[in-house]
Amino acid sequence: MDIEDFDLLVIGGGKAGKSLAMDWAGAGQRVAMVERGMIGGTCINVACIPTKTLVNSARLLALTRRATEFGITGAETPAIDLTLLRERKESVVSTMVAGQRKSFLDSGMDLVIGQARFIAPRTVQVTGDDGTLRTLRGTKVVINTGMVPFVPDIPGMRAVTPLTSTTILELESLPASIVIVGGGYIGCEFASMLSIMGVAVTLLQRGPSLLPREDADVAAAVATAMKNDGVTIRLGVEATSVSRASGSVSVQLSDGSEVSAGDILVAVGRVPVTDGLGLDAAGVELNDRALVKVDEFLQTTADGVWAAGDVAGSPQFTHASWNDFRILKSNLAGGSWSTRGRLIPYCVFTTPELGRVGMSESEARAAGREIRIASMPVAAIPRARTVGELAGHWKAVVERGTDLILGVSLLGHESSEVIAVVQMAMLGGLTYQQLRDAVIAHPTMSEGLQLLFSDAFLEQ
Ligand SMILES: Cc1cc2nc3c(=O)[nH]c(=O)nc-3n(C[C@H](O)[C@H](O)[C@H](O)COP(=O)(O)OP(=O)(O)OC[C@H]3O[C@@H](n4cnc5c(N)ncnc54)[C@H](O)[C@@H]3O)c2cc1C
């Protein structure tokens, strides 16, 4: 068996792994990156990029329907053309994939297309699509294999071949109706965009509110926005069995009722890609959540092997994996950059969107923090008036005594942009008064932060 040796061997070209591979290869190190097919990883191919491209079309459709309100006539009956929509999405994705492939090759790395499996410490066998085998060994190894959608073992579910967040992107026609199982971020994003596109959506959620990680009032505000766009939300119900007959899917629910629709999307979570990786042979252990066990420096239980991104239990966002890259770049060179205490914002691209950073009110109370709550309708912001986007609510958690901002939940127009302003204030240790009293350009959504932290909206 011929073993090819490298300074760095990356298994799975996710955000962290591909960034590190390019960085090391560009610096003249011998690098191999094994990727089983999705050049650029999950984000670009089947997650953030295609879904947000589609969300943009849904929003444009919603706005166009309101064209006369903005003094524009001649656009009264806009409609989705799924062929054109898919073409645009595919062109955005393929342009980015091509750019990535070029960057990988330009960096000088050995891009190995195939399925990797450990056969010994720091050593993998790669099976190419044509069955060719290569054996690669790294002085240092990074595992970045990501996650894939989880399909629960509900009677009948697998037999109806439900859509997942990946396969729904390939649909050639929109169903007239759909039932979405799971009211987390992915379920809510699809429910929101499909409903705007004219699909009759029923969203099922096992727990008492959508987006279980959010405060109940924030989740309720998201639910209200979706209901206003036509989504039927069923809380506190579980799918107990699923069947398909004459072009329709029926879902039996725990409360004895039944929901039928043209199709079904399962969005109840994602599972780490560790099966078939041969981790035992590498001495890499899993934790009790079946994720690759890493310490705060992203080091696994095997010498010379690190892991990053979703598979290592980092928060399931591309920007978290990107931050893992920075940590790995430091730590593989002997540093000790820790994942502890990272401030990781996130956004839920419903319409309107939710931007989140820091602690929620319930998290702050559970941690025993003395807090004040600021709460304000988005309609109070002048910019929201000019653009006619009045839906949503902003909420902030401020610590009594220190006056520091502990976190915010911003539901409303352009919240995914405004959230970075708050994040910078938090990173810089600004008090709420310093943010409130800063000169912020008018009329912008960010300017709304001055209102949020004013006496009118911050409880005393
Ligand atoms: C529908 C959807 C929407 C999302 N939207 C957002 C968003 O808006 N913003 C955001 O920040 N996050 C979003 N996410 C989450 C984000 O996509 C993930 O957190 C991120 O892509 C994880 O990247 P990663 O570095 O862990 O690895 P990934 O990008 O998942 O890459 C893993 C790679 O490993 C490869 N691989 C796996 N096993 C092997 C093997 N044995 N051999 C070789 N290669 C292998 C895979 O093909 C894959 O390319 C979304 C996710 C979904 C599903």
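These numbers come from a predicted model, not from an experiment.

Reading the values: rules and limits
- Residues numbered from 1 in each chain as written.
- Predicted model: local features only at pLDDT ≥ 70, side-chain atom pairs only at ≥ 80, totals over all residues.
- Helix = DSSP H or I, 4+ residues; strand = E, 2+ residues; numbered from the N terminus.
- Rg over C-alpha atoms; globule rule 2.2 N^0.38 Å.
- Buried ≥ 20, exposed ≤ 12 C-beta atoms within 10 Å, placed from the backbone.
- Contact = placed C-beta atoms within 7 Å.
- Pairing = 2+ DSSP bridges.
- Axes fitted to C-alpha atoms, helices over the stretch in contact; angles between N-to-C directions.
- Core = buried A, V, L, I, M, F, W, Y, C linked by C-beta atoms within 7 Å.
- Domains from an automatic or database assignment.
- Right-handed = clockwise from strand over helix to strand, strands pointing away.
- Near = placed C-beta within 6 Å.

Here we take up the overall build of the chain. Looking only at helices and strands, the chain has 13 helices and 21 strands in total. For 460 residues, the compact-globule estimate of 2.2 N^0.38 gives 23 Å, and the C-alpha radius of gyration of the chain, at 24 Å, lies within 12% of that figure. Across the 460 residues that make up the chain, the buried fraction comes to 42%. In the chain, of all internal contacts separated by at least 6 residues, the share reaching a separation of at least 24 is 65%.

Of note, Pro78 is situated in the loop between α3 (48-65) and α4 (82-107). Residues Pro78 and Ser165, spaced 87 residues apart in sequence, show a C-alpha to C-alpha distance of 26 Å. With residues near it in sequence (within four places) discarded, Pro78 still touches Leu61, Thr64 and Arg65.

Tracing the chain through its elements places Pro443 in the loop between α12 (432-437) and α13 (448-452). Overall, Pro443 belongs to the partly exposed group, with 13 C-beta atoms counted inside 10 Å. For the pair Pro443 and Ile39, spaced 404 residues apart in sequence, the C-alpha to C-alpha distance is 41 Å. The residues touching Pro443, leaving out its near neighbours within four places in the chain, are Pro382, Arg383 and Thr386.

What follows deals with the sheet that holds strand β8 (residues 177-181). Within the open sheet, the 4 strands sit side by side as β10-β9-β8-β14. Their pairing is parallel. Across the chains shown, the open sheet's two edge strands, defined by having one partner strand only, are β10 (232-235) and β14 (263-266). In this sheet, neighbouring strand axes are inclined to one another by 20° on average, regardless of whether the strands run parallel or antiparallel. Here β8 pairs with strand β9 (residues 200-205) via 5 bridges, running parallel. Counted as the bridge partner of Val179 is Thr202 from β9. Strand contacts of helix α5 (residues 185-196): β8, β9 and β14, with the helix running at about 165° to β9, the strand carrying the most contacts.

Each pair of packed helices gets described by two things: the angle between the helix axes and the distance between those axes. Closest axis-to-axis distance for the helix α1 (residues 15-26)/α4 pair is 8 Å, and the angle between their directions is 35°. Listed contacts from α4 to Lys18, Met22, Ala25 and Gly26 of α1 are Ser103, Phe104 and Ser107.

Our next topic: the nonpolar core. Judged by nonpolar contacts, the single largest core of 74 residues is most densely connected at Ile180, Val222 and Ile264. Here the element with the most residues in this core is α5; it accounts for 8 residues. Counting contributing residues per domain, this core is built from domain 2 (158-268) and domain 3 (352-452), each supplying no fewer than three. Apart from residues no more than four positions distant in its own chain, Ile264 is found in contact with Val160, Pro162, Leu163, Ile178, Val179, Val181, Val242, Val249 and Val251. With 46 residues, the next largest nonpolar core counts Leu8, Ala32, Leu279 and Val311 among its residues.

Time to look at the pairing of β9. Assessed by its sense of winding, the connection that carries the chain from β8 through α5 to β9 is right-handed. As paired strands, β9 and β10 are joined by 4 bridges and run parallel to one another. Within β10, the residue paired with Thr202 across the bridge is Thr232. In terms of handedness, the path from β9 via helix α6 (residues 216-228) over to β10 forms a crossover that is right-handed.

Pairing of strand β4 (residues 115-120) with strand β5 (residues 123-127), which is carried by 5 bridges, proceeds in the antiparallel orientation. The residue bridging Ala116 from the neighbouring strand is Val126, located in β5. Between the antiparallel neighbours β4 and β5 lie 2 residues, among them Arg122 with a positive phi of about 55°.

Turning our eyes to something else, we now look at the site of the ligand. In the vicinity of the ligand, 36 residues are found, and the nearest of them are Gly12, Gly14, Gly41, Gly146 and Gly309. Looking at the shell around the ligand, the elements with two or more residues in it are α1, β2 (31-35), α2 (41-46), α3, β4 and α8 (318-331).

Once the domains are mapped, the chain shows domain 1 (3-147 + 271-331), domain 2 (158-268) and domain 3 (352-452). Spacing between the C-alpha centres of domain 1 and domain 2 amounts to 27 Å. With 10 residues of domain 1 in contact, the opposing surface of domain 2 contributes 10 residues. In terms of residue count, the dominant contributor to the side of domain 1 that touches domain 2 is α3 (7 residues).

With that out of the way, let us pick up the sheet that holds strand β18 (residues 353-358). The strand order across the open sheet formed by 5 strands is β17-β18-β21-β20-β19, and the pairing between neighbours is antiparallel. Two strands in the sheet have a free side with no partner beyond their single neighbour: β17 (346-348) and β19 (371-377). On average, each strand axis in the sheet is inclined to that of its neighbour by 10°, with strand direction left out of account. Together, β17, β18 and β21 (405-412) form the strand contacts of helix α11 (residues 415-427), whose direction differs from that of β18 by roughly 10°.

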